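Each chain, letter by letter, is given below.
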Amino acid sequence: MKPIYLDNNATTRVAPEVLEEMLPFFGDHYGNPSSMHSFGGAVGGKIYEAREKIAGLLGASPQEIIFTSCGTESDSTAIYATIQSYPEKRHIITSRVEHPAIKNLYNHLSKTGYRVDWVPVDQKGNLDLDFLYDHLSADTAIVSLMWANNETGVIFPIADIADRLRKKGIVFHTDAVQAVGKIPIDLSKTGVEMLSLSGHKLHAPKGIGVLYVRKGTKFSPFLIGGHQENGRRGGTENTASIIGLGKACEFVARHMTEENTRVKHLRDKLEKSILERIPNCLVNGDIQNRLPNTSSIAFEYVEGEAILLMMNEFGICASSGSACTSGSLEPSHVLRAMGVPFTAAHGTIRFSLSIYNTDEDIDLVIEKLPPIIERLRSMSPFWKASCGSA
Amino acid sequence: MWDYTDKVKDHFLNPRNVGEIENADGVGEVGSLACGDALTLYLKLDDNQRIKEAKFKTFGCASAIASSSALTEMVVGLTLEEAEKITNEQIAEYLGGLPKEKMHCSVMGRDALEKAISCYRGSGDKVLDGEIVCECFGITDKQIQRAIQENHLKTVEEVTDYVKAGGGCGKCHEKIQDIIDVILGREKQPVENRKTLTNIQKIRLIEETLDREIKPELKKDGGDIELIDVVGNRVQVRLRGSCASCKMSQVTLKNYVETKLRELVLPDLTVEEVQS
């Protein structure tokens with residue numbers, strides 16, 4: 001069964017042209033980019049080209065790109081690099097809806113003597129900016145806010161925030177793992193000091209990430225070792241993946257318009273049809289201000305894991321904000337921070353599209369999903385009481 | 001992805017005995033929408049007091065639906081005395097096993113069965129007896145003790161897997177550990193003897209504890225607390241922010257704020273809310 005893959009915020013397909021670009025570096029071109037001989041040096045040249053391509057997508061310069069192993073490493077590096085550079089500052093800020101890579105790191109730091117302020121969001125998932133600006137102080141070492149939310153797709157006004165923080169001299173990091181490749185980003189026009197991205201969210205392979213560090217930003221390495229990445233991240237380069245990521249950046253830049261037109265229309269069609277055909281469901285997050293590929297829909301009175309597994313029978317791949325899928329017992333912290341009621345949070349499904357999706361994919365979901373929800377609701381003890389009011 | 005057995009998948013995709021029984025002899029309702037799963041079990045008896053028919057309605061994940069379905073197959077033909085001997089372990093075994101994080105689904109089935117039987121007999125509600133330990137999921141000490149004893153649980157994590165207690169905010173982990181320790185016969189740590197505090201010292205310590213320990217936790221949920229006065233050992237506070245309108249705030253006040261202050265300041269303190 002061919003998968004109907006609507007889980008692109010979890011990971012994406014490696015683009016065939018990206019894979020093709022990578023393959024020689026698993027084969028004949030196995031040299032170490034740091035070597036003196038031209039056999040290795042040639043690989044070093046390709047890595048520099050990749051660095052330029054990535055910098056090009058972000059509006060950065062190649063020297064500002066540090067390769068890491070994943071988005072999580074980029075996030076940890078950014079935070080640790082900064083707090084080590086400003087050891088006297090003991091206050092850090094983030095939002096209540098971050099990815100675990102930041103959320104759990106901040107939780108950890110809060111137990112080691114750091115004061116943490118968590119910026120709340122409103123019911124649409126938009127940041128409480130007044131809270132953020134009211135809580136800045138001379139003691140604040142770093143503010144880290146995601147560019148776009150992985151569950152709802154809601155986009156934060158990162159450029160504005162970065163400008164304001166820059167004027168105050170506070171280091172600003174953004175986890176842009178979900179934003180890069182989906183919406184245009186130009187770091188030359190913002191005050192963002194550090195930005196994390198992850199290769200596998202933009203059609204490059206898993207196991208490669210980038211931390212952008214603006215020139216002039218204080219930095220202290222997280223992985224200490226060799227001279228690679230100008231001494232900012234030790235470890236022999238993941239050459240094939242770096243070269244693949246360079247190609248992937250070209251690929252997403254070329255498809256950026258398509259992502260924001262055709263893919264967006266597919267997402268809107270899916271959402272509109274579901275809302276029309278299925279009673280008692282609602283979209284989570286600010287529909288005017290989100291990624292073009294993401295839709296988070298809450299189906300009241302049913303549970304997310306059950307929906308996912310029934311869709312799985314038709315090869316439909318999505319993910320859920322419910323508790324049961326993650327092994328935790330409470331629904332996602334993002335939905336709770338937004339105040340989504342439990343009746344809806346437990347039955348939330350996230351669809352996330354990519355340029356590989358077609359009209360046929362969406363039509364299949366529109367055909368298969370309504371009977372699934374109806375069937376699960378017919379089993380639910382809460383449905384009968386509530387459907388009268390629907 | 002969960003490693004569900006084929007039998008779990010079968011009972012999830014083709015559940016047996018879904019529905020309600022009109023004029024059922026016993027009905028057992030457990031769980032809630034907020035908790036993420038709920039089951040209503042209906043039982044009909046024949047003239048010989050054997051279970052003739054069992055039906056269910058379940059809101060929940062695949063293993064919750066499968067456990068409910070399995071339960072209805074297991075009880076038909078049994079007398080009530082036989083049915084009440086069914087354990088959660090047997091429900092899980094019937095399905096070829098459940099992932100450990102999903103064992104609470106089998107416990108939910110057993111609890112619903114017990115409730116349905118009590119309902120028929122008109123006897124009291126055994127399950128909800130006791131004192132609430134886990135506020136998030138409304139789980140009592142009795143339920144936790146029983147799960148520990150029946151399933152030989154040894155850690156807080158296991159208790160969470162079986163009855164959900166401790167799976168939310170995590171504030172009850174210490175209490176759950178205490179229950180485990182008592183059952184396993186471990187010695188409880190002796191409570192530290194506190195030296196006598198002057199009034200000023202007491203108030204300062206209360207203020208410090210509120211600032212350092214309690215406010216940051218409440219703020220995570222958008223709430224806050226203000227110390228109004230200390231009268232003897234009565235700590236008078238006012239709740240602010242989202243706590244002020246939260247229905248669970250009295251529980252928070254007693255089970256969290258009071259417990260924390262007793263632990264860190266004085267064991268005799270009580271906390272009360274005063275209105276402005």
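Residues numbered from 1 in each chain as written. Chains lettered and ligands numbered in written order. Predicted model: local features only at pLDDT ≥ 70, side-chain atom pairs only at ≥ 80, totals over all residues. Heavy atoms only, no water.

(A) Fine view of the sheet that holds strand 10 (residues 294–299) of chain A. All names here are of chain A. Pairing in this open sheet of four strands is antiparallel, and the strands run 9-10-13-12 from one edge to the other. In this open sheet, the two strands that pair with only one neighbour each are strand 9 (281–283) and strand 12 (319–320). Relative to strand 13 (residues 348–352), strand 10 runs antiparallel, the two sharing five bridges. Bridge pairing in strand 13 links I297 to I349. Strands strand 9, strand 10 and strand 13 of the sheet are contacted by helix 8 (residues 256–277), whose axis makes an angle of about 10 degrees with strand 10. (Pairing = 2+ DSSP bridges. Helix = DSSP H or I, 4+ residues; strand = E, 2+ residues; numbered from the N terminus. Contact = heavy atoms within 4.5 Å. Axes fitted to C-alpha atoms, helices over the stretch in contact; angles between N-to-C directions.)

(B) How the structure looks around the packing of helix 9 (residues 304–312) of chain A against helix 13 (residues 359–379) of chain A. Residue and element names in this part refer to chain A. Between helix 9 and helix 13, the shortest axis-to-axis distance is 10 Å and the interhelical angle comes to 135 degrees. By the angle between their axes, helix 9 is oblique relative to helix 13. The element helix 9 and its partner helix 13 pack so that their crossing is right-handed. Note on element contacts: helix 13 touches helix 9 through L369, I372, I373, R375, L376 and M379, opposite A306, I307, M310 and M311. (Parallel < 35°, antiparallel > 145°, perpendicular 65-115°, else oblique. Left-handed = near helix turned anticlockwise from the far one by under 90°.)

(C) Spotlight on the packing of helix 9 of chain A against helix 2 (residues 62–75) of chain B. The N-to-C vectors of helix 9 of chain A and helix 2 of chain B enclose an angle of 90 degrees; their axes lie 7 Å apart at closest approach. In this view, helix 9 of chain A runs roughly perpendicular relative to helix 2 of chain B, as classed from their interaxial angle. For the pair helix 9 of chain A and helix 2 of chain B, contact is made by A:E305, A:A306 and A:L309 and by B:A62, B:S63 and B:I65, respectively. Looking at the contact of helix 9 of chain A with helix 2 of chain B residue by residue, the class counts come to four nonpolar, one polar and one charged. (Nonpolar A, V, L, I, M, F, W, Y, C, P; charged D, E, K, R; others polar.)

(D) Region of interest: the layout of surface pockets. Residue and element names in this part refer to chain A. In this structure, the second largest pocket spans a volume of roughly 280 Å³. Lining of the second largest pocket is provided by 15 residues; of these, Y48, R51, E229, N230 and E237 occupy positions nearest its centre. In terms of residue count, helix 2 (residues 38–58) provides more of the lining of the second largest pocket than any other element does, four residues in total. Counted by class, the lining of the second largest pocket contains five nonpolar, six polar and four charged residues. (1 Å grid on protein atoms, 1.4 Å probe; cavity = no way out; pocket = protein on both sides within 12 Å on 5 of 7 lines; lining within 4 Å. Points joined across faces, edges and corners; volume = space filled by probe spheres on them.)

(E) Layout of helix 3 (residues 71–85) of chain A. The end-to-end C-alpha distance of helix 3 of chain A is 21 Å, a good match for the 21 Å that 15 residues give at a rise of 1.5 Å each. Most of helix 3 of chain A is tucked away, with 13 of its 15 residues classed as buried. (Expected span 1.5 Å × (residues − 1). Buried < 20%, exposed > 50% of the residue type's maximum accessible area, 1.4 Å probe, protein only.)

(F) Quick peek at the packing of aromatic side chains. Residues and elements named next belong to chain A. Enumeration according to the criterion identifies six aromatic pairs over all chains in this entry. When the ring of Y80 is compared with that of F222, the centres are 5.4 Å apart and the planes differ by 10 degrees; the resulting orientation is stacked. Placement of Y80 in helix 3 and of F222 in the loop between strand 8 (209–213) and helix 7 (239–254) is noted, with a sequence separation of 142 residues between them. The partly exposed category is assigned to F222, whose relative accessible area is 34%. With 6.4 Å between their ring centres and 20 degrees between their planes, F251 and Y356 make a pair best called stacked. Taken together, the positions of F251 in helix 7 and Y356 in the loop between strand 13 and helix 13 put the pair 105 residues apart, joining distant regions of the chain. The class of F251 is buried, set by a relative accessible area of 5%. It is R13 that lies over the ring of Y356; its NZ or CZ is 5.1 Å from the centre. In this structure, K218 packs its charged tip against the face of Y86, placed 4.7 Å from the ring centre. (Phe/Tyr/Trp six-rings, centres within 6.5 Å; stacked < 30°, edge-to-face > 60°. Lys NZ or Arg CZ within 6 Å of the ring centre and 35° of its normal.)

(G) Highlighting empty space enclosed by the protein. All names here are of chain A. One pass over the structure, following the stated rule, counts seven cavities of 30 Å³ or more. Volume-wise, the largest cavity comes out at about 70 Å³. N8, T12, G181, K182, K201, L202, H203, V252, E259, N293, L353 and S354 together form the lining of the largest cavity. Taken together, the residues of the lining of the largest cavity sort by class into three nonpolar, six polar and three charged. In terms of domain composition, the lining of the largest cavity takes at least three residues from each of domain 1 (16–254) and domain 2 (256–378). (Domains from an automatic or database assignment.)

(H) The arrangement of the environment of B:M108 in detail. Residue and element names in this part refer to chain B. Mapped onto the secondary structure, M108 falls in helix 5 (residues 103–121). According to the relative accessible area criterion, M108 is buried, its value standing at 8%. C-alpha separation for the pair M108 and V271, spaced 163 residues apart in sequence, amounts to 35 Å.

(I) Structural detail: the side chain of B:N88. Residues and elements named next belong to chain B. Assignment of secondary structure puts N88 in helix 4 (residues 88–94). In this structure N88 comes out as buried when scored by relative accessible area, which is 1%. Among the polar contacts listed, one links the side chain of N88 to the side chain of S106, at a separation of 3.4 Å. Excluding its chain neighbours within four sequence positions, the residues that come into contact with N88 are M103, S106, V107, R110, E150, N151 and Y162. (Polar contact = N/O pair within 3.5 Å; in protein donor to acceptor, adjacent residues only side chain to side chain.)

(J) Broad picture of the domain arrangement of chain B. All names here are of chain B. Each assigned domain of chain B is listed with its residue range as follows: domain 1 (6–121), domain 2 (132–183) and domain 3 (199–273). One C-alpha centre belongs to domain 2, the other to domain 3; they are set 25 Å apart. A per-residue breakdown of the area domain 2 buries against domain 3 is headed by E135, K171 and K175, which together make up 83% of the total. At the junction of domain 2 and domain 3, the tally comes to zero salt bridges. Taken together, the links from domain 2 to domain 3 amount to zero residue pairs in polar contact (both at pLDDT 80 or more). Partitioned by chemical class, the residues of the side of domain 2 that touches domain 3 number one nonpolar, no polar and four charged. (Buried area = accessible area lost by both parts, 1.4 Å probe. Salt bridge = Lys/Arg side-chain N within 4 Å of Asp/Glu carboxyl O.)

(K) Layout of the state of the cysteines. Throughout the structure, instances matching the rule amount to zero disulfides over all chains. A disulfide-free cysteine, B:C105 has its sulfur positioned 4.1 Å from the sulfur of B:C61, the nearest such atom. (Disulfide = S-S within 2.5 Å.)

(L) Expanded view of the pattern of salt bridges. All chains considered together, the criterion is met by 42 salt bridges over all chains. Note that A:K46 is salt-bridged to A:E49, the shortest N-O span being 3.7 Å. Of this pair, A:K46 and A:E49 both sit in helix 2, three residues apart, which is roughly one turn of that helix. Exposure remark for A:E49: the relative accessible area of 35% places this residue in the partly exposed category. One salt bridge connects B:K9 with B:D6, and the closest N-O pair in it is separated by 4.0 Å. Taken together, the residues span about one helical turn, with B:K9 and B:D6 both in helix 1 (residues 6–13) at a distance of three residues. The exposure class of B:K9 is partly exposed, given its relative accessible area of 42%.

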